[in-house]
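Overview (structure and organization)
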Amino acid sequence: MIPLAIPCILGNEEKYLKECISTNYVSSVGPFVDRFEQMLCENSNSKYATALSSGTAALHMALLAVGVQNNDLVIMPSYTFIATANAISHCGAHPWIFDVSLEDWNLNLKQLEEVLEQKTYFDGSILRHNKTHQRVSAVVPVFCMGATHDYESLARIASKYNLSVVVDAAAGIGAKYQGKEIGDLPADATILSFNGNKTITSGGGGAVLSNNESVIKKVKHLSQTGRVGPNYEHDCVAYNYRMTNLQAAVGCAQLEQLDDILKKKKEISLFYSEAFSNNPSLELFPQSQGGDSPNWLSGVLLKDLKVEQVTDRLQELGIQSRLFWKPMHMQKPYKNSLCENVENANSIWDRILVLPSSVSITQKEMQYVSDTLLNIISGIKNEK
Ligand SMILES: *Cc1c(COP(=O)(O)O)cnc(C)c1O
C-alpha cells in the first residue's frame, strides 16, 4: 500500500533519543525542548516559540493568551480539521463559521469583511454580534493544505474590527508570504502541529510562535500548570500541555532535515501538477496567493466526480486514499454553530482528493498513482 503521509525518519532521531535516555532527560524539562524552540524561532523568523504537546493544545493556549473568553465568538473557516473548532470550544467560546474562498481554500476574506460590516457593532472598543450580542474577539485563519492566506487583507480587517489573529498554520511549517517566514508576519500568534502526518513530526506535538512577549509568557504559564516559584504554588486554573524532551529530540532531528523535506514535497506537488494539468476532469490544488506553499499534501480537485467514487478502487490497487476533512458546519458538535453562507466549502469538500505525499514516495510510485487515477477516471467516464 502506498501511504498518504507517513513520517520520514532518516536523520539523527535515534541518536538524539538515545541521548535523552543516557542523560535521563526524558520528561518535560530538557535541553532538546530548549533547542527545538530555538530552532523553530530561527526557522520561522519568530522572536519566541513554545513547544507543546499537540497542535490542538497550541491553538487552545494561543487563544486564551490573546484574551479569548467564555461565551465569545471566534471566527474560523468551515473547511479545516476539527481541532480548530475544538480549541475554540475548549476556551468556552463558540466558533462563528465562515466560508472558504475558491482561490486558495482559505478563509473567505471578502465574505468576512461584508459580514462583519453587516452583522456586528462596536460597544465601546468591544465588537459584538448584532443578534446574539456576544463579543467577537478573534479570528483563526487556517492554512489549507499548508498554503498561506492573504496576510495583508486579513491584517487590515482585523485591525478595523479590533480582532486578535491566531493563525492555524498546523501544516504550515516552511510556508512563506511575500518572501517572509510565518513567524515574521502580522498575527498575534501562529500555531504549528508536529503530528505524525504533518510535514515534520515530533511523534506528536505542537508549538505557539509569537513576537509578543506577553502572549508567550501567558502560553508558558497556562501550559505549565500556572506554577509560581519553585514550590507547589499555582495562581490559576491551568493546563499540563508541555512537550517532553523525547518528543523534542525527534523534532530537532526532523527540523535539521526540513530543507530536504520541503524540496521533496515540492517535487511531489510538481509531479502531480504535470501529470494532471491537461485532464478536463481534474483541477490542481490551489497554490498560496502571494506566497510559497510548503506543499504539505498534494492532490487534485475532481471536477465532476466525488472522491468516494474513486477511493475504493484506489485502495484495491494499493493506493491509500480517503475522503479528507468534512466541513465543520456538517460535524455533529458544530451543526448548530453560528454559520454564514458556506457554498464554496459545500461545493469542494467531497471532491478534494489527497494523493500519497510522503517524503519517502518514489518517482515510480508517483507515476503508478497518477496512471492509476487517470485509468480509474477514464473507466468511470466510459461507463456513462
Ligand atoms: C493537524 C491539524 C491541527 C491539530 O494538530 P494536532 O497536533 O493533531 O492536535 C489543527 N489544525 C489543522 C488545520 C491541522 O491540520
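Our structure's up above, just so we're on the same page.
The structure reproduced in this document is the subject of the present report. (Residues numbered from 1 in each chain as written. Predicted model: local features only at pLDDT ≥ 70, side-chain atom pairs only at ≥ 80, totals over all residues. Heavy atoms only, no water.)

**Looking at the site of the ligand**
Rules: Whether a residue is near a molecule or strand is decided by its heavy atoms; if any one of them lies within 4 Å of it, the residue is near. In the analysis that follows, any N or O atom pair within 3.5 Å is treated as a polar contact, provided that within protein one partner can donate a hydrogen and the other can accept it, and provided that, for residues neighboring in sequence, both atoms belong to side chains. Surface accessibility follows the Shrake-Rupley procedure with a 1.4 Å probe radius. Residue values consider only the protein chains on display as shielding. Numbered from the N terminus, helices here are DSSP runs of H or I no shorter than four residues, and strands are runs of E no shorter than two. Residues are grouped as follows: Ala, Val, Leu, Ile, Met, Phe, Trp, Tyr, Cys and Pro are nonpolar; Asp, Glu, Lys and Arg are charged; all remaining types, including Gly, are polar.
If you check the shell around the ligand, you find 15 residues, and the closest are Gly-55, Thr-56, Asp-168, Ser-193 and Lys-198. For the ligand, an oxygen atom lies 2.8 Å from a polar atom in the backbone of Gly-55. In this structure, Ser-193 approaches the ligand through a side-chain N or O atom, which is 2.7 Å from an oxygen atom. When isolated, the ligand has an accessible area of 380 Å², and the protein chains bury 91% of it. Elements that contribute at least two residues to the shell around the ligand include exactly helix 3 (55–65) and helix 4 (83–90). In terms of residue class, the shell around the ligand is made up of 5 nonpolar, 8 polar and 2 charged.

**What about the nonpolar core?**
A general trend in soluble globular proteins is that nonpolar side chains are found buried together. Keep this limit in mind: Definition used in this section: a nonpolar core is a set of buried Ala, Val, Leu, Ile, Met, Phe, Trp, Tyr and Cys residues joined via side-chain atoms within 4.5 Å. Each residue's exposure class comes from its accessible area (1.4 Å probe, protein chains only) as a fraction of the maximum for that residue type: buried when under 20%, exposed when over 50%, partly exposed otherwise.
Formed by 53 residues in total, the largest nonpolar core has its most connected members in Phe-36, Leu-40, Ile-75, Leu-112, Leu-116, Leu-163 and Phe-194. In terms of residues, this core owes the most to one element, helix 2 (residues 31–44), which gives 6 residues. Of all hydrophobic cores here, the second largest spans 52 residues; its members include Ala-5, Met-145, Ala-171 and Tyr-334.

**Things to note about the sheet that holds strand 14 (residues 298–302)**
Rules: For two strands to pair, DSSP has to find at least two bridges joining them. Axis geometry follows a simple rule: fit a line to the C-alpha atoms, using only the stretch in contact for helices, then measure angles between N-to-C directions, giving values from 0 to 180 degrees.
Ordered in space as 12-14-16, the 3 strands form an open sheet in which the pairing is antiparallel. The sheet terminates laterally at strand 12 (282–284) and strand 16 (352–355), the two strands that pair on one side only. In this sheet, adjacent strand axes meet at a mean angle of 35° when their direction is disregarded. With 4 bridges connecting them, strand 14 and strand 16 associate as antiparallel partners.

**Regarding the pairing of strand 4 (residues 120–123)**
By the bridge criterion, 4 bridges tie strand 4 to strand 5 (residues 126–129) in an arrangement that is antiparallel. Following the sheet pairing, Thr-120 is matched in strand 5 by His-129. Taken together, strand 4 and the strand that follows it, strand 5, pair antiparallel across an intervening segment of 2 residues, in which Gly-124 is found at a positive phi of about 65°.

**Observations concerning the pattern of salt bridges**
Selection criterion: Any carboxyl oxygen of Asp or Glu within 4 Å of a side-chain nitrogen of Lys or Arg constitutes a salt bridge here.
Under the defined criterion, the tally for this structure stands at 13 salt bridges. For Glu-117, the salt bridge identified is with Lys-160, shortest N-O distance 3.9 Å. Here Lys-160 lies in helix 6 (residues 151–160) and Glu-117 lies in helix 5 (residues 109–119), a separation of 43 residues in the sequence. A relative accessible area of 52% places Glu-117 in the exposed class. A salt bridge links Asp-304 to Lys-381; the shortest N-O distance between them is 2.9 Å. Here Asp-304, found in the loop between strand 14 and helix 10 (308–316), pairs with Lys-381, found in helix 12 (residues 363–383); they are 77 residues apart in sequence, far enough to count as distant. The partly exposed category is assigned to Asp-304, whose relative accessible area is 45%.

**Looking at the sheet that holds strand 8 (residues 176–177)**
Across the sheet, 3 strands lie side by side as 9-8-13; this open sheet has antiparallel pairing. At either margin of the open sheet sits one strand with a lone partner, and together these are strand 9 (180–181) and strand 13 (291–292). Summarising the sheet, strand 8 and strand 13 pair through 2 bridges and their orientation is antiparallel. Counterpart to Tyr-177 in the pairing with strand 13 is Gly-291.

**A word on a nonpolar patch on the surface**
As a reminder of what qualifies: What goes into a patch is any residue over 30% in relative accessible area without a salt bridge, connected to like charges within 9 Å or, for nonpolar side chains (Val, Leu, Ile, Met, Phe, Trp, Tyr), within 5 Å.
A cluster of nonpolar side chains, Ile-21, Val-26 and Leu-246, forms an exposed patch at the surface whose accessible area comes to about 240 Å². Here Val-26 lies in the loop between helix 1 (13–23) and helix 2. Of the residues examined, Val-26 reaches a relative accessible area of 35% and is grouped as partly exposed.

**Points about the packing of aromatic side chains**
This is how the line gets drawn: Pairing of aromatic side chains requires ring centres within 6.5 Å, counting the rings of Phe and Tyr and the six-membered ring of Trp. Pairs whose planes differ by under 30 degrees are stacked, by over 60 edge-to-face, and all others tilted. In this scheme, the term charge over a ring applies when either NZ of a lysine or CZ of an arginine sits within 6 Å of the ring centre and within 35 degrees of the ring normal.
Under the definition given, this model contains 13 aromatic pairs. Taking the centre distance of 6.3 Å and the plane angle of 85° together, the rings of Phe-143 and Tyr-151 count as edge-to-face. Pairing Tyr-239 with Tyr-241 gives two aromatic rings, centres 5.3 Å apart and planes at 25°, and the pair type is stacked. A relative accessible area of 25% means that Tyr-239 is categorised as partly exposed. Three or more aromatic residues joined by ring pairs make a cluster, and in this case those are Tyr-79, Trp-296, Phe-324 and Trp-325. Positioned above the aromatic ring of Tyr-232, the side-chain terminus of Arg-227 is 4.6 Å from the ring centre.

**Side note on the environment of Glu-267**
Among the secondary structure elements, Glu-267 is positioned in helix 9 (residues 258–276). When the C-alpha atoms of Glu-267 and Val-359 are compared, they prove to be 9.6 Å apart, with 92 residues separating the residues in sequence.

**So, the side chain of Ser-281**
Worth spelling out the cut-off: Contacts are residue-level and defined by heavy atoms, with any inter-residue pair within 4.5 Å sufficient.
Along the polypeptide, Ser-281 turns up in the loop between helix 9 and strand 12. When sequence neighbours within four positions are dropped, the list of residues in contact with Ser-281 reads Leu-301, Leu-302, Lys-303, Asp-304, Ile-377 and Lys-381.

**Quick notes on the environment of Gly-205**
Mapped onto the elements, Gly-205 comes out in the loop between strand 10 (189–193) and strand 11 (206–210). The exposure class of Gly-205 is buried, given its relative accessible area of 3%. Taking the C-alpha atoms as reference, Gly-205 lies 8.9 Å from Arg-242; in sequence the two are 37 residues apart. Those residues in contact with Gly-205, other than ones at most four positions away along the chain, are Leu-52, Ser-53, Ser-54, Gly-55, Ser-193, Phe-194, Asn-195 and Met-243.

**Focus: unusual backbone geometry**
Even without glycine at this site, Asn-45 takes up a positive phi of about 60°. In this fold, Asn-45 is placed in the loop between helix 2 and strand 1 (48–52). A positive phi is found at Asn-295, a non-glycine position, where the angle reads about 55°. Within the secondary structure, Asn-295 sits in the loop between strand 13 and strand 14. Overall, Asn-295 belongs to the buried group, its relative accessible area being 7%.

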